[in-house]
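Close look at the chain arrangement
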Amino acid sequence: PNPPGFTTGPYQFFASNPATRSGTQHLAMLVENTPQTIVTGKWEQDALSSIGYHFVFTDTGLSPTDPNFNGDVQKMKNAGVTGVIFQATGQILGQLANAMNQAGMTLTFGNYVSTAYDPAFIQTAGPGTAGTVLEQQLAMYEGQDAAAVPMVATFDQWYSRVNPGQTPDIYAAYGWLAGMLFAEGLNAGGAPTRPALLRGLQQITSFNGAGLAAPSDPVTKTPPSCWIAIDVSNGKFVRDPATPSGFRCSPSGYYREPGT
């Protein structure tokens, strides 16, 4: 479920955490110039502004296929940016992180977006990963949580069977979860028919993909309120000390865009 708006729980934590607080007050928002990203970028910026974040630089006109960050990086440096949020692919996010590092920028809050949880980000960013702290409502599905969450191990096993040598991304995880919810709906409905599926889905008020995702309520379209934080350490993704295992549910919250 993803109603118009944006989660605020983890961002309340980042704003109160001494290690990331300064970045939340000197923040840059970069948005690729597509209809969907412009809308979701506005929701995110509105949500974070509502809990006290301060944006000192915004650019919503970046090319989605070949962005050039040179001009923006210098402007961000001049504005004193120490935190960045940017919705893009892992590789493009890595390019931005690398460009900022080359320009001598130091981040305390490289939040980017959850798609940065991708080996391409680390490979492209190099030393620019310093200050990276991501949040998401999924377990670490690339394998780090496989021992603690059996469904992560199952997902990774089957992903490797159909994509040998590849690392699963967030869209693969979403696809797996959609399949799980579909199966739960069929089982609850009692028959492999469309009416039974819809009837079954109306009975599922709590869904977490057997631990792969934080709990949500599909019936009321209530998104997850729990989350994890992810750092980069020694060239690898690791859990942030704030969420050493499982999901953290406090603070929590969801900003609903006015008029929606």
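All of the points below concern the structure found in this document.

Procedures and definitions
- Residues numbered from 1 in each chain as written.
- Predicted model: local features only at pLDDT ≥ 70, side-chain atom pairs only at ≥ 80, totals over all residues.
- Heavy atoms only, no water.
- Helix = DSSP H or I, 4+ residues; strand = E, 2+ residues; numbered from the N terminus.
- Buried < 20%, exposed > 50% of the residue type's maximum accessible area, 1.4 Å probe, protein only.
- Contact = heavy atoms within 4.5 Å.
- Lys, Arg positive; Asp, Glu negative; His and termini not counted.
- Charge placed at Lys NZ, Arg CZ, Asp CG, Glu CD.
- Pairing = 2+ DSSP bridges.
- Right-handed = clockwise from strand over helix to strand, strands pointing away.
- Salt bridge = Lys/Arg side-chain N within 4 Å of Asp/Glu carboxyl O.
- Polar contact = N/O pair within 3.5 Å; in protein donor to acceptor, adjacent residues only side chain to side chain.
- Axes fitted to C-alpha atoms, helices over the stretch in contact; angles between N-to-C directions.
- Expected span 1.5 Å × (residues − 1).
- Disulfide = S-S within 2.5 Å.

1. Digging into the overall build of the chain
- A tally of regular secondary structure across the chain gives nine helices and nine strands.
- Dimensions along the principal axes, computed over C-alpha positions, put the chain at roughly 60 × 45 × 35 Å.
- For the chain, with 260 residues in total, the buried portion stands at 48%.
- Considering only residue pairs separated by 6 or more positions, the chain has 66% of its internal contacts joining residues 24 or more positions apart.
- Here the chain carries 12 positive and 17 negative side-chain charges, and the mean point of each set is 5 Å from the other.

2. Notes on unusual backbone geometry
- Cis geometry marks the peptide bond from Ser250 to Pro251; its omega dihedral reads 0 degrees.
- As for its position among the elements, Pro251 is in the loop between β8 (236–239) and β9 (254–256).
- Although it is not a glycine, Tyr112 adopts a positive phi angle of roughly 50 degrees.
- Within the element layout of this structure, Tyr112 appears in the loop between β5 (109–110) and α6 (119–125).

3. Section: the pairing of strand β2 (residues 27–32)
- By the criterion of burial, β2 is predominantly enclosed, with six of the six residues buried.
- Side chains Leu27, Met29 and Val31 of β2 all project onto a buried face; the interleaved residues Ala28, Leu30 and Glu32 project onto the opposite face, where all are buried too.
- Of the pairings in the sheet, the one linking β2 to strand β3 (residues 55–62) comprises five bridges and is parallel in character. Following the sheet pairing, Glu32 is matched in β3 by Leu62.
- This β-α-β element, β2 to helix α3 (residues 35–50) to β3, shows right-handed connectivity.
- Note that β2 and strand β4 (residues 83–87) share five bridges and pair parallel. Counterpart to Leu27 in the pairing with β4 is Gly83.

4. A few points about the pattern of salt bridges
- Enumeration according to the criterion identifies three salt bridges in this entry.
- One salt bridge in this structure joins Lys42 and Asp46, with 2.7 Å as the shortest N-O distance. You can see Lys42 and its partner Asp46 sitting in helix α3, four residues apart, about one turn around the helix.
- Between Arg239 and Asp145 there is a salt bridge whose closest N-O contact spans 2.8 Å. Of this pair, Arg239 sits in strand β8 while Asp145 sits in the loop between β6 (133–136) and α7 (150–162); the two residues are 94 residues apart in sequence, bridging distant segments of the chain.

5. Points about the side chain of Gln87
- Assignment of secondary structure puts Gln87 in strand β4.
- A polar contact is formed between the side chain of Gln87 and the side chain of Glu44, at a distance of 3.0 Å.
- Excluding anything up to four places from it in sequence, Gln87 contacts Leu30, Glu32, Thr40, Gly41, Glu44 and Val113.

6. Structural notes on the sheet that holds β2
- What the four strands build is an open sheet, ordered β3-β2-β4-β5; its pairing is parallel. With one partner strand each, in any of the chains shown, β3 and β5 form the two edges of the open sheet.
- Most of the contacts of helix α5 (residues 90–102) go to β4, to which it runs at about 155 degrees, and overall it touches β2 and β4.

7. Describing α5
- In a regular helix each residue adds 1.5 Å, so 13 residues correspond to 18 Å; α5 covers 18 Å between its end C-alpha atoms and thus fits that length.
- When α5 is considered as a whole, its buried residues turn out to be Gly90, Ile92, Leu93, Gly94, Leu96, Ala97, Ala99 and Met100.
- At its buried positions, α5 is contacted by β2, α4 (70–79), β4 and α6.
- Positive phi shows up at Gly104, right after α5, with a value of about 85 degrees.

8. Considering the pairing of strand β7 (residues 228–233)
- Of all six residues in β7, five are buried, a share of seventy percent or more.
- Sheet topology note: the β7/β8 ladder contains four bridges and is antiparallel. In the strand pairing of β8, Val232 is matched with Phe237.
- Counting the residues between successive antiparallel strands, the hairpin from β7 to β8 contains two residues, one of them, Asn234, with a positive phi of roughly 55 degrees.

9. Side note on the state of the cysteines
- One pass over the full model with this rule turns up one disulfide.
- The disulfide that involves Cys226 links it to Cys249, with 1.9 Å between the sulfurs. Between Cys226 and Cys249, the disulfide has an S-S torsion of 105 degrees and is therefore right-handed. With a gap of 23 residues between them, Cys226 in the loop between α9 (194–201) and β7 and Cys249 in the loop between β8 and β9 connect regions that are remote in the sequence.

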